[in-house]
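# Descriptive structure summary
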Amino acid sequence: MSKKESETREFHAEVRQLLDIVIHSLYTDREIFIRELISNASDALEKLRLTQLTENQVFDANLPLEINISTDETAKTITIADYGIGMTREELSENLGTIAHSGTKAFLEKMQEGSRPDMIGQFGVGFYSAYMVAEKVEVFAHSWKEEEEHLRWESDGASGYTIDEVEGQRRGARIVVHLKEEHEEFAKTHRVKGIIERYSNFVGFPVNLNGERVNTVEALWLLPKKEVSEEQYKEFYQFTSHAMDEPRYTMHFSADAPLAINALLFVPGENVERMGLGAQPPGVALYCRKVLIDPSPEGLLPEWLRFLRGVIDSEDLPLNISRESMQDSALVRKLSEVLTKRFLKFLDKQASDNPEGYREFHDRFSRFLKEGIVASPVHQELLAGLLRFASSMTEGEELTSLDSYVDRMKEGQEEIYYLVGPGREVLEKGPFFEGFRSRGLEVAFFTEAVDDYVLEGLREYKGKKLVAANRSGIEFEDLPDESEGEDLSEEETEGLVSWLNSALDDRVARVDAGKRLVKHPMVALLPEDAPNAQMRAMMAAMGQEAPESKAKLEINTRHPLIRKLSSLQGSQRDLASKVAAQLTDHALLAAGMEVNAGEISEAMAELLGELLE
Ligand code: ADP
């Protein structure tokens, strides 16, 4: 009886790290390991069910699709067995010896940087969670492929594992958890029963404990809403997304036309991408009549909805739809369209029903809405309506929306004005805002780096053009209300403008007199067609040369400094040139355009020296 190839292998370094964290820092809710193992068993059964559709040679073909859990108080073990897809030798070592899960990888990197142990709650550590309670775990397995080996994988979770051949295995996997002395409670029937009841009610397969059926099979998403409790939703969310947090929003939705859809979608409590983890894989699984088609279907929902978790079930889908054909299928496109729209409307309703709650969502997830505005022109308007921002009409921490802005628009106002900058205070003090304030025109303040790009992409909202308040091309007919003091005469203005245009010819596109300013003498405006600072940075990053775009200057002929400059220009050209250069430098600086700070201060020192002489 020669046992074929018993081999000992080392864990991949990442697995060792993960085990170390699991064993040493995951103390809360140890019982979740049972949920994780049942979830894996359920996944394996789902995969088998799918395999059976296309393969007619399946090992142990008449075994029932069920999960059997048994406990042994004397031996201090709990065993979770499924007749699922099983594993080959390679799969055992690949799946249980390395970490393929990109989220887990990224999580480990974060942990290495020494950050936030509380973040662990955001992740299911899957199979390895067994090591919170185990001194040793054995996995007996046989693949669904008849010709594969009968295997036993074993590890104490320290450095490595062994795999040997052990005859007599049934199809699927049987996980035997050898409990540590202090965790022997998990070998007690009544303790385990309570846990299974909590976590397995929505497992689509029978779960038996020591031979007795514990769960009633229900696909939660197919039930009428009235019959599902908040607690069940929460448990379903935690079970299917391996999450520990509570769902922030739950959208349970069914439709018959144009497609038969049952969907149960969750917005997680936290946005894990915000914690520095890379882009997450899609988290909404695709089912057809309770049969899992794809747990993480690319191209089902738009990429910017990747933060969603849950299930979409459509009986209109062909069961054998493949990953490749998914994106081309008109049916899938329709499904995506219907669900995306429904979800955005759902968010809109949350926003009006509970603005504070919505704000918490917005604080964490607005980045995805913005991504959607850029990526999905058809959803732009719905998405834009979901944005929240401060504006010159909001107070303190209050935020507003584009709809409220539009409601407040003054008579005759055709455009929505906005500014993007580092913060409200900076924007309010800068030269761009005052002309709007003094005319009672609202300006929306956006403060994220992506906003410029997003708003340029949006272009308009409900037929109103979005216009950056720092661009030229906004013409005011009247002088601002607060404007006081004398103005230059038409002739003086003409003389000054024409001199400035020749003196500053190489630095700016044009100089004009205008009615925009109140307290500032001069402002530099971005020409209407020029790329903004962010676009320029992006173009530079992509190795493209941004077209040269010089600012247009607008001067305030009511400002004492400009009036003085007008007379100085006739009498002391040289000094006037230096003053004009200084004003220009500061206007460009305020506009975030390229200037050399060193040169400005040098020129300033020279100018002051001359004036004080
Ligand atoms: P996850 O379930 O998040 O992928 P796990 O660490 O729990 O991560 O499991 C890793 C992999 O091991 C799974 O993706 C699956 O391929 C395999 N696996 C785990 N449990 C089973 C099982 N009962 N039957 C078959 N394969 C399994």
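Source: prediction; values computed, not measured. (Residues numbered from 1 in each chain as written. Predicted model: local features only at pLDDT ≥ 70, side-chain atom pairs only at ≥ 80, totals over all residues. Heavy atoms only, no water.)

## Description of the overall build of the chain
- Across its full length, the chain holds 19 helices and 22 strands.
- Taken over C-alpha atoms, the radius of gyration comes to 33 Å for the chain, far larger than the 25 Å a tight globule of 613 residues would show.
- Projected onto the principal axes, the alpha-carbon positions of the chain cover approximately 110 × 55 × 40 Å.
- Put simply, of all contacts in the chain between residues at least 6 apart along the chain, 72% involve residues at least 24 apart.
- Taken as a whole, the chain presents about 29200 Å² of accessible surface, with 47% of it coming from carbon and sulfur.
- Between the averaged position of the 70 positive side-chain charges in the chain and that of its 110 negative side-chain charges there is a distance of 3 Å. (Helix = DSSP H or I, 4+ residues; strand = E, 2+ residues; numbered from the N terminus. Rg over C-alpha atoms; globule rule 2.2 N^0.38 Å. Contact = heavy atoms within 4.5 Å. Areas by Shrake-Rupley, 256 points an atom, 1.4 Å probe, with all protein chains shown as cover. Lys, Arg positive; Asp, Glu negative; His and termini not counted. Charge placed at Lys NZ, Arg CZ, Asp CG, Glu CD.)

## Concerning a positive patch on the surface
- Together, Lys225, Lys341, Arg342 and Lys345 make up a positively charged patch on the protein surface.
- Within the element layout of this structure, Arg342 appears in helix α8 (residues 330–353). (Patch = residues over 30% accessible without salt bridge, like charges linked within 9 Å, V, L, I, M, F, W, Y side chains within 5 Å. Salt bridge = Lys/Arg side-chain N within 4 Å of Asp/Glu carboxyl O.)

## Considerations on the side chain of Thr88
- Note on placement: Thr88 falls in the loop between β3 (77–82) and α3 (89–97).
- Overall, Thr88 belongs to the buried group, its relative accessible area being 9%. (Buried < 20%, exposed > 50% of the residue type's maximum accessible area, 1.4 Å probe, protein only.)

## What to know about the environment of Glu135
- Turning to its location among the elements, Glu135 is positioned in strand β4 (residues 134–142).
- The spatial distance from the C-alpha of Glu135 to the C-alpha of Ile373 is 51 Å, given a sequence separation of 238 residues.

## Concerning the site of the ligand
- The local shell around the ligand holds 13 residues, among which Asn40, Asp82, Asn95, Gly126 and Phe127 are the closest.
- For the ligand, a nitrogen atom lies 2.9 Å from a polar atom in the side chain of Asp82.
- A distance of 2.8 Å separates an oxygen atom of the ligand from a polar backbone atom of Phe127.
- Relative to its free-state accessible area of 530 Å², the ligand is covered by the protein chains to the extent of 81%. (Near = heavy atom within 4 Å. Polar contact = N/O pair within 3.5 Å; in protein donor to acceptor, adjacent residues only side chain to side chain.)

## A look at the environment of Leu220
- Summarising the element assignment, Leu220 is placed in the loop between β9 (212–213) and α6 (230–241).
- What makes Leu220 buried here is its relative accessible area of 1%.
- For the pair Leu220 and Asn262, spaced 42 residues apart in sequence, the C-alpha separation works out to 9.9 Å.

## Some words on a negative patch on the surface
- On the surface, a cluster of negative charge is made up of Asp72, Glu73, Glu135, Glu181, Glu182 and Glu184.
- Structurally, the position occupied by Glu184 is in the loop between β7 (172–179) and α5 (189–199).
- Look at Glu184 and you get partly exposed, because its relative accessible area is 33%.

## Some details on the sheet that holds strand β15 (residues 390–391)
- With mixed pairing, five strands are arranged side by side in an open sheet as β15-β17-β16-β19-β18. Each end of this open sheet is capped by a strand with a single partner; those strands are β15 and β18 (460–461).
- Two strands pair when backbone bridges link them, and β15 and strand β17 (residues 443–446) are joined in this way by two bridges, in the antiparallel orientation. Its bridge partner being in β17, Ala390 is matched across the sheet by Phe445. (Pairing = 2+ DSSP bridges.)

## Things to note about the pairing of strand β19 (residues 464–468)
- Note that strand β16 (residues 415–420) and β19 share four bridges and pair parallel. When the sheet's bridge partners are listed, Ile416 is paired in β19 with Leu466.
- Of the pairings in the sheet, the one linking β18 to β19 comprises two bridges and is antiparallel in character. Within β19, the position partnered with Tyr461 by the bridge is Lys464.
- Linking β18 back to β19 in an antiparallel pair, the connection comprises two residues, with Lys462 at a positive phi of about 45°.

## Focus: the pattern of salt bridges
- On inspection of all chains with the given rule, the structure shows 35 salt bridges.
- We note a salt bridge from Glu7 to Arg89, for which the minimum N-O separation is 2.7 Å. With Glu7 in strand β1 (residues 7–10) and Arg89 in helix α3, this residue pair connects regions lying 82 residues apart in the sequence.
- Assessed through its relative accessible area of 16%, Glu7 is described here as buried.
- Relative accessible area serves as the criterion here: at 7%, Arg89 is assigned to the buried category.
- One salt bridge connects Glu10 with Arg16, and the closest N-O pair in it is separated by 3.8 Å.
- Looking at Arg16, the relative accessible area reads 35%, which means it is partly exposed.
- Each of the salt bridges in this network shares a partner with another, and the network as a whole consists of Glu7, Arg9, Arg89, Glu90 and Glu149.

## Observations concerning the nonpolar core
- Grouped together as the largest cluster of nonpolar side chains are 70 residues, with contacts concentrated most on Ile312 and Phe343.
- It is α8 that provides the largest number of residues to this core, a total of nine residues.
- Counting residues in hydrophobic clusters, the runner-up holds 57 residues, among them Leu45, Leu108, Met132 and Val177. (Core = buried A, V, L, I, M, F, W, Y, C linked by side-chain atoms within 4.5 Å.)

## A closer look at the confidence of the model for the chain
- Put simply, the chain has an average pLDDT of 88, and 91% of its residues get 70 or more.
- Counting interchain partners and residues more than four positions distant, the pLDDT-below-50 stretch residues 116–121 has twelve contacts. (pLDDT = per-residue confidence, 0-100.)

## Re the packing of aromatic side chains
- Per the stated rule, a full pass over the model turns up 25 aromatic pairs.
- Members of the aromatic cluster, connected to one another through ring pairs, are Tyr249, Phe307, Phe343, Phe346, Tyr358, Phe361, Phe365 and Phe368.
- One Lys or Arg, Arg174, reaches over the ring of Phe140 and ends 4.3 Å from the middle of that ring.
- Taking the ring centre of Phe476 as reference, the NZ or CZ of Arg439 above it sits at 3.9 Å. (Phe/Tyr/Trp six-rings, centres within 6.5 Å; stacked < 30°, edge-to-face > 60°. Lys NZ or Arg CZ within 6 Å of the ring centre and 35° of its normal.)

## Brief notes about the layout of surface pockets
- There is about 850 Å³ of room inside the second largest pocket.
- In this structure, the second largest pocket is lined by 34 residues; those nearest its centre are Leu588, Ala591, Gly592, Met593 and Glu594.
- Broken down by secondary-structure element, the contributors of at least two residues to the lining of the second largest pocket are β16, α12 (424–429), α14 (451–458), α16 (533–541) and α18 (573–590).
- Of the residues forming the lining of the second largest pocket, the biggest block, three residues, is contributed by β16. (1 Å grid on protein atoms, 1.4 Å probe; cavity = no way out; pocket = protein on both sides within 12 Å on 5 of 7 lines; lining within 4 Å. Points joined across faces, edges and corners; volume = space filled by probe spheres on them.)

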